[in-house]
Amino acid sequence: CALPALFARSHSVPEPTAPEQVRGLKVYALGPLRVERDGTAIERWGGDKAGTYQAEALFAFLFDRRGRGLTKDEASEVVWPDLDLEKADMAFHRTISGLRRTLEPGLRRGNESTMVTYHHERYWLNPAVVGWCDVEAFGAAIERGHTQARQGDFETARASFVQAMSLYRGEYLDDCPFFGDSSYVEPRRNELRDQQRDTLVALGSVYEQLGQVGEAASCYRKALAASDGDCPRAEEGL
């Protein structure tokens, strides 16, 4: 979902990019997954002995499960559904090892990893690994916009909502191998899709307050399109 032209017209809008000085990974998950380390995108996830698509899927799953962890069985169900238990177990351990070495070049042993750890029978992505991600920036921009709108600062609210929409490049983890097609991704994807729709409605309301009724109507139409026509607030706004 690219930034609509009307959002950028006659206004200065922040580009949908991460801050330059970030310690840790930059994760772009709204749309196709892109992960950068020191300004360079990670393109080869699995190393020499593990498939890069499978390792990318494991990273996405771990990223999505921050704070909850991931079991080996859950990962195998998504990434290796057609393998028997023994082969799936071997494939998982080979891939998690490759992923750890991708994230921590020079790592000697998997159990020494500080980025992907194992405890309580779950694998965890260390929260400190992610220095910035578009999902969190998206939510923060929306929250700022609502606060500014409540305070009557509609021009600043407009800029915050537009910034949020610029970060929403598409469906959450769209096109991510394996995980992007699984049922596990749907709850968060639906939640973010609803946030996109609600932000379009909020932006339409702000444009109304600024007397820009054409822009407001366009936002309401986009909210209806994003919700397959099921958005009473957008209909009311129109």
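Provided above is the structure to which this section pertains.
Quick caveat, the model's predicted, so the values are computed rather than measured. Numbering of residues starts from 1 in every chain and runs along the sequence as written. Reporting in this predicted model follows two pLDDT cut-offs: at least 70 for local features of residues, and 80 or more for side-chain atom pairs to be given and counted; totals over whole chains, interfaces and linings ignore these cut-offs and use all residues. Only hydrogens and water are removed before side-chain values are computed, so all heavy atoms of the structure are retained for them.

Colleague: Before we go on, may I ask you to explain the overall build of the chain in this structure?
Modeller: Think of it this way: any DSSP run of H or I at least four residues long counts as a helix, any run of E at least two long counts as a strand, and we number them from the N terminus. Looking only at helices and strands, the chain has 9 helices and 6 strands in total. Residues count as neighbours in contact if any of their non-hydrogen atoms are within 4.5 Å of one another. Residue pairs at least 24 apart in sequence account for 61% of intrachain contacts in the chain once pairs closer than 6 positions are excluded. As displayed, the chain has an accessible area near 12300 Å², and 47% of this comes from carbon and sulfur atoms. For the area figures, the Shrake-Rupley method with a 1.4 Å probe applies, and any residue is considered shielded solely by the protein chains shown.

Colleague: Help me understand the pairing of strand β4 (residues 116–119), please; the structure alone is not making it clear to me.
Modeller: It is a general feature of regular strands that their side chains alternate between the two faces of the sheet. Here β4 runs beside strand β5 (residues 122–125); their pairing, made up of 4 bridges, is antiparallel. Within the sheet, the bridge partner assigned to V116 lies in β5 and is L125. We call two strands paired when DSSP finds no fewer than two bridges between them. With antiparallel pairing between neighbouring strands as the criterion, β4 and β5 make up a hairpin whose turn holds 2 residues, including H120 at a positive phi of roughly 55°.

Colleague: Could you clarify how one ought to interpret the nonpolar core in this entry?
Modeller: Side chains of a nonpolar character, in soluble globular proteins, are inclined to be buried together. Only buried Ala, Val, Leu, Ile, Met, Phe, Trp, Tyr and Cys residues count toward a nonpolar core, and they belong to the same one when joined by side-chain atoms within 4.5 Å. Burial classification: accessible surface area is computed with a 1.4 Å probe over protein chains only, and a residue below 20% of its type maximum counts as buried, one above 50% as exposed, and the rest as partly exposed. Core analysis: the largest hydrophobic core is formed by 49 residues, its most contacted members being V27, F59, F63, L99, L103, L125 and L173. Looking at this core, the elements with two or more residues in it are β1 (25–28), α2 (52–64), α3 (72–79), α4 (85–103), β5, β6 (130–133), α5 (134–150) and α6 (154–167). Looking at this core, the element that brings in the most residues is α2, giving 8 residues. The contacts of L125, once residues within four sequence positions are left out, are F59, L62, F63, R66, L103, M115, V116 and V130. Among the nonpolar cores identified, the runner-up in size contains 17 residues, and A157, V162, A202 and C219 belong to it.

Colleague: Can you walk me through α5 in this structure?
Modeller: Along an α-helix, a turn takes 3.6 residues, which lines up residues three or four apart on a common side. With 17 residues, α5 should reach 24 Å at 1.5 Å per residue; the first-to-last C-alpha distance of 24 Å fits that figure. For α5, every residue scored as buried is listed here: D134, V135, A137, F138, A141, I142, G145 and Q148. Seen along its axis, α5 keeps its buried residues to an arc of 165°; they face one direction. Seen from the open side of α5, the exposed residues pointing more than 90 degrees away from its buried face are E143 and R150. In the core, the buried residues of α5 are packed alongside β1, β6, α6 and α7 (186–209). By this rule, a helix spans an expected 1.5 Å times one less than how many residues it contains. By arc we mean the arc of the directions from the helix axis to the C-beta atoms, nothing more.

Colleague: Would you mind going over the side chain of E104 with me for this structure?
Modeller: On the secondary structure map, E104 appears in the loop between α4 and β4. Counted charges follow a simple rule, with Lys and Arg positive, Asp and Glu negative, and His plus the chain ends left uncounted. Salt bridge, as used here, is a side-chain nitrogen of Lys or Arg placed within 4 Å of a carboxyl oxygen of Asp or Glu. Although E104 lies buried, it forms no salt bridge, and the closest oppositely charged side chain, R100, sits 6.1 Å away as judged by the N-O distance. Looking at E104, its side chain comes within polar contact range of the main-chain nitrogen of M115, at 3.3 Å. In contact with E104, other than residues within four places in its own chain, are S113, T114, M115 and V116. Think of a polar contact as two N or O atoms within 3.5 Å of one another; within protein, one of them needs to be a possible hydrogen donor and the other a possible acceptor, and neighboring residues in sequence only count if both atoms come from side chains.

Colleague: Which parts of the structure should I look at to understand the sheet that holds β1?
Modeller: Strand pairing within a sheet occurs via backbone hydrogen bonds; the two strands may be parallel or antiparallel. Spatial ordering of the open sheet is given by β3-β2-β1-β6, a layout of 4 strands whose pairing is mixed. Two strands bound the open sheet, and with one partner strand each, they are β3 (40–41) and β6. Bridge count for β1 against strand β2 (residues 34–37) is 3 bridges, and the pairing is antiparallel. Counted as the bridge partner of V27 is V35 from β2.

Colleague: When you look at the environment of A149 in this model, what are you seeing that I'm missing?
Modeller: By secondary structure assignment, the location of A149 is in helix α5. For A149, a relative accessible area of 21% translates into the label partly exposed. In the structure, A149 is positioned 57 residues away from V206 in sequence and 7.3 Å away in space, judged by C-alpha atoms. Discounting residues that sit within four places of it in the chain, A149 has contacts with F154, A157 and V206.

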